[in-house]
Amino acid sequence: MTQQSRDCYIIVAAGTGSRFGAPLPKQFCDLGGRPLLMTTIDNIRAADPQATIVLVLSQPMIEPWGEMCRKSSFDTTGIIVAAGGASRAESVKNALASVPADCDGWISVHDGARPVVTPALIARISEGRREGVDGIIPAVAVTDSLRLVSAGGGSRAVDRSSYRAVQTPQSFPAALLREAYRQAVGEGFTDDASVMEAAGYRNLVLVEGDPRNIKVTHPADLDIAMLYLGK
């Protein structure tokens, strides 16, 4: 009997949330009476209950997170905590070192500040997994008009139909993602698809994202997330 491959979710929550303008990073701000990050984790668990979760936190927030979990009676069973790095990509690289070796299926990377991730979105990503695919990337159409800014300060209109706004979770074969992150990474990599592409993995398949799958960036986004979550 062949042993089934194990999947893993890396949830990246090590950012400082400087644009959010609150005493705590946005992923720890209140959403429905508890830290936002707990809703993100719960929704990933609901969509893929068998997957391993590696949670990436900045070193200073690891102990406060533990206190938050105790205060909210939040179940942390099976969650592996890893310390973040100086950039998002370095945080993911650190997390990969904590992913169990037997998680040899697909590794998905999700932003901790996207609490409205749904089982339907996870299902679309899972359906795209097949041999020969280097990654599955959820994306949505751009609805605003776009202009390309030139080095001299001018700009020109571009065709928005040629562009997509990328979301998470992004999902990759475990072996390929591990290999891609052996290269030097830094601030220039804003998502995992760009790391994969730089490593030569170009068969990155787009699937339909979810306009509700917002990344909480500003305080007003909390109200939008609450609306989408029905809280």
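Predicted, not measured: the structure shown is a model, and the values here were computed from it.

### Details of helix α2 (residues 59–72)
Alright, step 1. If you check α2, its first and last C-alpha atoms are 21 Å apart, about what 14 residues at 1.5 Å a residue would give, namely 20 Å.
Alright, step 2. The inward-facing, buried residues of α2 contact α1 (36–47) and β2 (52–57).
Alright, step 3. Taken from the residues just after α2, Ser73 is the one with a positive phi, measuring 50°.

### Describing the packing of aromatic side chains
Alright, step 1. The full count for this structure, using the stated rule, is two aromatic pairs.
Alright, step 2. Between Phe28 and Trp65 the ring centres are 6.1 Å apart and the planes differ by 55°, which places this aromatic pair in the tilted class. In this pair, Phe28 sits in the loop between β1 (8–13) and α1 while Trp65 sits in helix α2, placing the two residues 37 residues apart along the sequence. Summarising the burial analysis for this pair, Phe28 and Trp65 share the class buried.
Alright, step 3. Seen in terms of ring centroids, Trp65 and Phe74 are 6.0 Å apart; in terms of plane orientation they differ by 65°. Their pairing is edge-to-face. By the burial criterion, Trp65 is buried, and Phe74 matches it.
Alright, step 4. Ring pairing ties together the aromatic residues Phe28, Trp65 and Phe74, which thus form one cluster.

### Overview of the environment of Lys231
Alright, step 1. For Lys231, the location among the structural elements is in the segment after α7 (219–229).
Alright, step 2. For Lys231 and Gly33, which are 198 residues apart along the polypeptide, the C-alpha to C-alpha distance reads 9.9 Å.

### Things to note about the packing of α1 against α2
Alright, step 1. Remark: α1 packs on α2, axes separated minimally by 11 Å, with the N-to-C direction vectors making an angle of 75°. When the axis of α1 is compared with that of α2, the two are roughly perpendicular. Contacts from Leu37, Met38 and Ile41 of α1 reach α2 at Trp65, Met68, Cys69 and Ser72.
Alright, step 2. Split by residue class, the contact of α1 with α2 holds six nonpolar, one polar and no charged.

### Remarks on the pattern of salt bridges
Alright, step 1. Counted under the stated rule, the structure contains ten salt bridges.
Alright, step 2. Linking Arg114 and Asp111 is a salt bridge whose minimum nitrogen-to-oxygen distance equals 3.0 Å. The two residues Arg114 and Asp111 agree in class, both being buried.
Alright, step 3. Among the ionic contacts, a cluster of salt bridges with common partners joins Arg88, Asp111, Arg114 and Asp192.

### Brief notes about the side chain of Asp191
Alright, step 1. Summarising the element assignment, Asp191 is placed in the loop between α5 (174–180) and α6 (192–198).
Alright, step 2. Side-chain polar atoms of Asp191 contact the side chain of Gln170, separated by 3.0 Å.
Alright, step 3. What Asp191 contacts, discounting residues up to four positions off in sequence, is Arg88, Val166 and Gln170.

Calculation criteria
Residues numbered from 1 in each chain as written. Predicted model: local features only at pLDDT ≥ 70, side-chain atom pairs only at ≥ 80, totals over all residues. Heavy atoms only, no water. Helix = DSSP H or I, 4+ residues; strand = E, 2+ residues; numbered from the N terminus. Expected span 1.5 Å × (residues − 1). Contact = heavy atoms within 4.5 Å. Phe/Tyr/Trp six-rings, centres within 6.5 Å; stacked < 30°, edge-to-face > 60°. Buried < 20%, exposed > 50% of the residue type's maximum accessible area, 1.4 Å probe, protein only. Axes fitted to C-alpha atoms, helices over the stretch in contact; angles between N-to-C directions. Parallel < 35°, antiparallel > 145°, perpendicular 65-115°, else oblique. Nonpolar A, V, L, I, M, F, W, Y, C, P; charged D, E, K, R; others polar. Salt bridge = Lys/Arg side-chain N within 4 Å of Asp/Glu carboxyl O. Polar contact = N/O pair within 3.5 Å; in protein donor to acceptor, adjacent residues only side chain to side chain.

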